[in-house]
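Coordinate analysis (summary)
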Amino acid sequence: MPIPTSFPVLRAGLVFMAVVALGWGALVLLLQPSSDRDWVPEQARMPIATMAGGELRLANVRNARYRSTTDFDLHWEARDYRLDDVESAWFIVEPFADWRGPAHTFVSFGFRDGRHLAISAEVRKEVGETYSPLAGLFRQYELMLVLGDERDLIGLRAAHRRDPVHLYRLRATPTQARALLVALLEKANALAERPAFYNTLSANCTTTIVDAVDALAPGTIPMSWRTRLPGYSDDLAFDLGLIDTDLPRDGYREAHRIDGLAREAEAASLEGKAYSATIRSRWAGSTTSSASR
């Protein structure tokens, strides 16, 4: 049986595509992260943390006032805290797609005086740049940690993007919460000094938190597809007993949805401690939370 003459053509085409793919892959590997780009204004400043003798001083804490997702007044603040005043750690999940997998996750830390500090690992976008999960696999974005007021980081997502937002208190002692905060601040300082690439699967919003936890307590969070699809990360945290709730698995997510409360707080122009207290008001005085006992 004669071999069709199209086979050599097909083979040559496959060889050509393989060469192109290898060449493109080599170029991607040659890319280097940079701190010197034309960044969008809301990500133009990298936060810096100074920790000494239990005192914490933060530079470039973002506290924007949003009228919409594209219209806002930026405020960059310097803030002082005492590390011994850290009382709690909170996990936030923002699903943003028609199916559950895609989501943004970040954490917030509560202090004895009622203040909260949110920390979010994000793609650091250039002016005119949009996020693509596919591009995020190929060294197209730098990674940054945004330190911000809860009204900024939660309010942007709940009140202006109109996304669902779930807020969970983590089952962590003050000592554990403080250690996680310090680990993330050290990561922020490292990125300010030496930029690194974001990666959709291995260096994203959720894996940054997981890596910090794993460095403090190896094996606490096992490798899982649910950290690669962050919309399921709260289920993983629930199954591992990391979320401080006595609610059943089929009811805990809806009970911890707070975007409605966040919109009410935004409409009332609440700020700071009042904002943070309002988005947690459904649990005020609750006895179902072991961390509040």
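Overview of the structure. (Residues numbered from 1 in each chain as written. Predicted model: local features only at pLDDT ≥ 70, side-chain atom pairs only at ≥ 80, totals over all residues. Heavy atoms only, no water.)

What follows covers the packing of helix α8 (residues 259-267) against helix α9 (residues 272-279). Between α8 and α9, the least distance of the axes is 8 Å, while the angle of their chain directions is 150°. Relative to α9, the element α8 is oriented roughly antiparallel. Every pair of crossing elements has a handedness; the one defined by α8 and α9 is right-handed. The residues of α9 that touch α8, namely those facing L261, A262, A265 and E266, are Y275, T278 and I279. (Axes fitted to C-alpha atoms, helices over the stretch in contact; angles between N-to-C directions. Helix = DSSP H or I, 4+ residues; strand = E, 2+ residues; numbered from the N terminus. Parallel < 35°, antiparallel > 145°, perpendicular 65-115°, else oblique. Left-handed = near helix turned anticlockwise from the far one by under 90°. Contact = heavy atoms within 4.5 Å.)

This part is about the packing of aromatic side chains. Under the counting rule described, the total for this entry stands at nine aromatic pairs. Taking the centre distance of 6.5 Å and the plane angle of 75° together, the rings of Y141 and Y198 count as edge-to-face. One end of the pair, Y141, is in the loop between β8 (116-124) and β9 (142-148); the other, Y198, is in the loop between α3 (174-193) and α4 (205-216), with 57 residues separating them in the sequence. Centroid distance F238 to Y252: 4.5 Å. Interplanar angle 20°. Geometry classified as stacked. In this pair, F238 sits in helix α6 (residues 233-239) while Y252 sits in helix α7 (residues 252-255), placing the two residues 14 residues apart along the sequence. Here the two residues F238 and Y252 agree in accessibility, since each one is buried. Ring-pair connections join several aromatic residues into one group, and the members of that group are Y131, Y141 and Y198. Geometry around W90 places R280 over its ring, the cationic atom sitting 4.2 Å from the centre. (Phe/Tyr/Trp six-rings, centres within 6.5 Å; stacked < 30°, edge-to-face > 60°. Buried < 20%, exposed > 50% of the residue type's maximum accessible area, 1.4 Å probe, protein only. Lys NZ or Arg CZ within 6 Å of the ring centre and 35° of its normal.)

So yeah, pure geometry; function would need other evidence.
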